[in-house]
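Listed here are the chains, written in short residue letters.
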Amino acid sequence: MIELRNLSKTFTTMDGQVDALRNINLTVENGDIYGIIGMSGAGKSTLVRCINMLERPTQGSVLVNGRDMASMSQRELRGMRRKITMIFQGFNLLMQRTCLRNVMLPLRLSGVDRRTAEAKAQELLTLVGLPDKANSYPAQLSGGQQQRVAIARALATEPDVLLCDEATSALDPKTTHAILELIRDINEKLRITVIVITHQMSVVQEICNRVAILENGEVVEEGMVSEVFSNPRANATRNLIYPESTGNDSVFPKGGQRIRVIFNGAIASREPLLAKMAVDCGILASILGASTRSVGDRAYGYMLLGIPGTPEDMAKAISYLSATPDVTVQVEAEYAAKEVEA
Amino acid sequence: MNFANAFTPEKLQEAWNCLLNEFPFAMWETLYSTILATFFAILIGLPLGVILVTGEAKGIHPLPRPVMSFLNVFINLLRSVPFIILMVMIIPLTRVIVGTSVGTVASIVPLTVAAFPFIARLVESSLREINPNIIETAQSMGATSLQIVFRVMLPESVPSLVTNFTLAITTIMGYTAMSGAVGGGGLGKLALAYGYQRYRYAVLYLAVIVLVIITQVIQSFGTWLAAKLDKRLKNK
């Protein structure tokens, strides 16, 4: 279990003090795939580097299985770093070493003899699907293959936690998917806790069970991925989940009102919701915007509806739609008011 | 005596005899003083170059600021003294180490002293080429500072180090010619003794041509070796 308690990090630069992280409190349970998402500059990379003390927190503590990382001796810390390994956006393989010797490196650093390290490295290359690349150099591999080697290297010291710092951001969507699948496999089969730093909601959605949203160095929202997705409360979260929603104002119909229909695992194929509402209530809603994703046969996401007519029609539509299981409705005007506040 | 009749048949004959009799030994002297001086300069300069990178405030093993300032000033001082003057300045040191200040062996001392600060700077620049993310990665694996130097920084910069050492060795060979003016041996001394003091221009030109050829060979070999050792761009 990893607990971040009141964690803050302040950088002193030429232009003064910059608060990279402010009072972060998070708990990552063993076996989690925990997503930390935010726009660039939100402090994600600093946060993940505080976990293995590549960055020293200015305040607060990082507890790994109850032990405070900041108070460890250099020697203890190096030992912990073998149990909390890391993969990176740029793969960071040693370019002058073969893949096998790259994977061997952490083992050799911890004093494992060459022969044992070689056998273990070959085994790990097989695990990540590159058994035949042992004697290739990283420059001869594609980005996805290099990240696989980096994953094998990160697994060499049999860690308990794998930190992924934008590990798929340099990869195309198909390769991203394959790497995420590998990470999920590792989480399930080797029981390794994974912390994923990303700016892509799709990455969180694909593999994480919990997520924290980071904005300007603060956690603005935290919870189960399904809950955060279906009912995002913070502006930053909604901007990440519905990046396109801000552009919809132009199509707002005059005299009508907007509501946001949120699908929280509603069974998508059950019935045509809007068509039924038109028949049952005589309300002809227009779809102003939508972003839904299906997981299995369940829908997650939102639909932005324009409801023409009187406030009574509006109320009728809201109660009609709310009656559907796993669907919640919010009046969009509230959002607008909140956005002005922020 | 003038330049026009420097290449008469008898002068050329004399130069040819000189080439047969004295060049092999002069070449040997040039090569061994160059190679030994380069060796000692690397022995001193390589660790200093490593310290210049690792010891700075943002390095992997920061050293006290005064130590780093002293090191930088010391290296810059040595680098700014012209070689021919440095050679005379450190004669007492040469006497202490070799026992004499004259001769090819003695010239290795000033050559080393002149070359190690240069090598330290070259090593520094090679190590600075390394992607800092790689160093961070090694730290994230729990590597010690020494492990980072020996298992990551130096192996990763081998091609760049080979290129820079090639540059160093050709520069040091240029210095050996200068050491001929103050008692050192080799092709430089031959060129000066015959060409400058005795007006045997043919010998002088011959010595220069041989120096040019040796430089070319070393440079080509160094370039080839660096490319061969670099695993970044090959067999893509």
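We now turn to the structure provided with this report.

## Here's the deal with the overall build of chain B
For chain B, the count of helices and strands is 11 helices and zero strands. For chain B, the succession of helices and strands along the chain, N to C, is α-α-α-α-α-α-α-α-α-α-α. Taken along the three principal axes of its C-alpha coordinates, chain B extends 75 × 50 × 25 Å. Classification of the 236 residues of chain B by burial places 46% in the buried group.

## Overview of the interface of chain A and chain B
The partner chain B presents 23 residues to the 24 residues of chain A that form the contact. Interface of chain A and chain B: buried area, both sides summed, is about 2,300 Å²; carbon and sulfur atoms make up 54% of it. Counting across the interface, chain A meets chain B through one salt bridge. The tally of links from chain A across to chain B stands at 11 residue pairs in polar contact (both at pLDDT 80 or more). For the side of chain A that touches chain B, the secondary-structure elements that each account for two or more residues are α2 (74-83), β6 (84-88) and α3 (99-109) of chain A. Considering every element that reaches the side of chain A that touches chain B, the biggest residue donor is α3(A), with four residues. Taken together, the residues of the side of chain A that touches chain B sort by class into 13 nonpolar, four polar and seven charged.

## Considerations on the pairing of strand β2 (residues 16-28) of chain A
The sheet contact formed by strand β1 (residues 2-13) of chain A and β2(A) spans nine bridges and is antiparallel. Looking at β2(A), one finds that T13(A) is bridged to G16(A).

## Description of the sheet that holds strand β4 (residues 59-64) of chain A
Residues and elements named next belong to chain A. Spatial strand order, β2-β1-β4-β5: four strands in an open sheet with antiparallel pairing. Each having just a single partner strand, β2 and β5 (67-68) make up the two edges of the open sheet. Relative to β5, β4 is paired through two bridges, and the arrangement is antiparallel. Pairing of V64 across the sheet is with R67, part of β5. The sheet contacts of helix α1 (residues 44-51) involve β1, β2 and β4, and relative to β1 the element is tilted by about 120°.

## A word on helix α3 (residues 65-80) of chain B
A turn of α-helix holds 3.6 residues, and therefore any two residues three or four places apart point the same way. Over its 16 residues, α3(B) runs 22 Å from end to end, which matches the ideal 22 Å to within 8%, given 1.5 Å per residue. Its buried side turned inward, α3(B) meets α2 (23-54), α4 (83-89) and α6 (104-128) of chain B.

## Re the nonpolar core
One recurring pattern in soluble globular proteins: nonpolar side chains tend to sit buried together. Within the largest apolar cluster, 55 residues are counted, with the highest numbers of intra-cluster contacts made by I87(A), L125(A), V149(A), I151(A) and I183(A). The element contributing the most residues to this core is helix α5 (residues 143-155) of chain A, with six residues. Once you skip the residues sitting within four places of it in the chain, I183(A) turns out to touch I87(A), I151(A), C164(A), V194(A) and I207(A). Among the nonpolar cores identified, the runner-up in size contains 45 residues, and F83(B), L86(B), I134(B) and A138(B) belong to it.

## Focus on the sheet that holds β6(A)
Residue and element names in this part refer to chain A. Pairing is mixed in the open sheet, where six strands are placed in the order β6-β7-β8-β3-β9-β10. A strand with exactly one partner marks an edge of an open sheet, and here the two such strands are β6 and β10 (218-224). Here the strands of the sheet are splayed against their neighbours by 15° on average, with no regard to which way each runs. One ladder, built from five bridges, connects strand β7 (residues 161-165) with strand β8 (residues 193-198); its direction is parallel.

## As for the packing of helix α9 (residues 158-179) of chain B against helix α11 (residues 201-229) of chain B
Residues and elements named next belong to chain B. Closest axis-to-axis distance for the α9/α11 pair is 8 Å, and the angle between their directions is 170°. Our classification of the angle between α9 and α11 gives roughly antiparallel. Residues V158, P159, V162, T163, T166, I169, T170 and M173 of α9 lie in contact with α11, whose contacting residues are L211, I214, T215, I218, Q219, G222, L225, A226 and L229. Counted by class, the contact of α9 with α11 contains 11 nonpolar, six polar and no charged residues.

## A look at the environment of T34(B)
Residue and element names in this part refer to chain B. Note on placement: T34 falls in helix α2. Take T34: its relative accessible area is 1%, and that puts it in the buried class. Separated by 137 residues in sequence, T34 and T171 place their C-alpha atoms 9.3 Å apart. Each residue touching T34, except ones within four places of it in the same chain, is listed here: I169, I172, M173 and T176.

## A word on the state of the cysteines
All names here are of chain A. Taken as a whole, this structure holds zero disulfides over all chains when the rule is applied. Counting only cysteine sulfurs, C164 is the nearest neighbor of C50, a cysteine outside any disulfide, at a range of 17 Å. Free cysteine C208: the closest other cysteine sulfur is in C164, separated by 9.0 Å. Overall, C208 belongs to the buried group, its relative accessible area being 9%.

## Some thoughts on a nonpolar patch on the surface
Where nonpolar side chains cluster on the molecular surface, the patch consists of F7(B), L12(B), Y205(B), I209(B), I213(B) and V217(B) and spans about 550 Å² of accessible area. No other element matches α11(B), which puts four residues into the nonpolar patch.

## Topic: the packing of aromatic side chains
Residue and element names in this part refer to chain B. If you walk through the whole model with that rule in mind, you get six aromatic pairs over all chains. Taking the centre distance of 4.6 Å and the plane angle of 5° together, the rings of F83 and Y175 count as stacked. With a gap of 92 residues between them, F83 in helix α4 and Y175 in helix α9 connect regions that are remote in the sequence. For F83, a relative accessible area of 6% puts it in the buried group. For Y175, a relative accessible area of 23% gives the class partly exposed. Geometrically, the ring pair formed by F221 and W224 is tilted, given 5.8 Å between the ring centres and 35° between the ring planes. Pair noted here: F221 and W224 are both in helix α11, with a separation of three residues, about one helical turn.

Reading the values: rules and limits
Residues numbered from 1 in each chain as written. Chains lettered and ligands numbered in written order. Predicted model: local features only at pLDDT ≥ 70, side-chain atom pairs only at ≥ 80, totals over all residues. Heavy atoms only, no water. Helix = DSSP H or I, 4+ residues; strand = E, 2+ residues; numbered from the N terminus. Buried < 20%, exposed > 50% of the residue type's maximum accessible area, 1.4 Å probe, protein only. Contact = heavy atoms within 4.5 Å. Buried area = accessible area lost by both parts, 1.4 Å probe. Salt bridge = Lys/Arg side-chain N within 4 Å of Asp/Glu carboxyl O. Polar contact = N/O pair within 3.5 Å; in protein donor to acceptor, adjacent residues only side chain to side chain. Nonpolar A, V, L, I, M, F, W, Y, C, P; charged D, E, K, R; others polar. Pairing = 2+ DSSP bridges. Axes fitted to C-alpha atoms, helices over the stretch in contact; angles between N-to-C directions. Expected span 1.5 Å × (residues − 1). Core = buried A, V, L, I, M, F, W, Y, C linked by side-chain atoms within 4.5 Å. Parallel < 35°, antiparallel > 145°, perpendicular 65-115°, else oblique. Disulfide = S-S within 2.5 Å. Patch = residues over 30% accessible without salt bridge, like charges linked within 9 Å, V, L, I, M, F, W, Y side chains within 5 Å. Areas by Shrake-Rupley, 256 points an atom, 1.4 Å probe, with all protein chains shown as cover. Phe/Tyr/Trp six-rings, centres within 6.5 Å; stacked < 30°, edge-to-face > 60°.

By themselves, these figures tell us nothing about what the structure is for.
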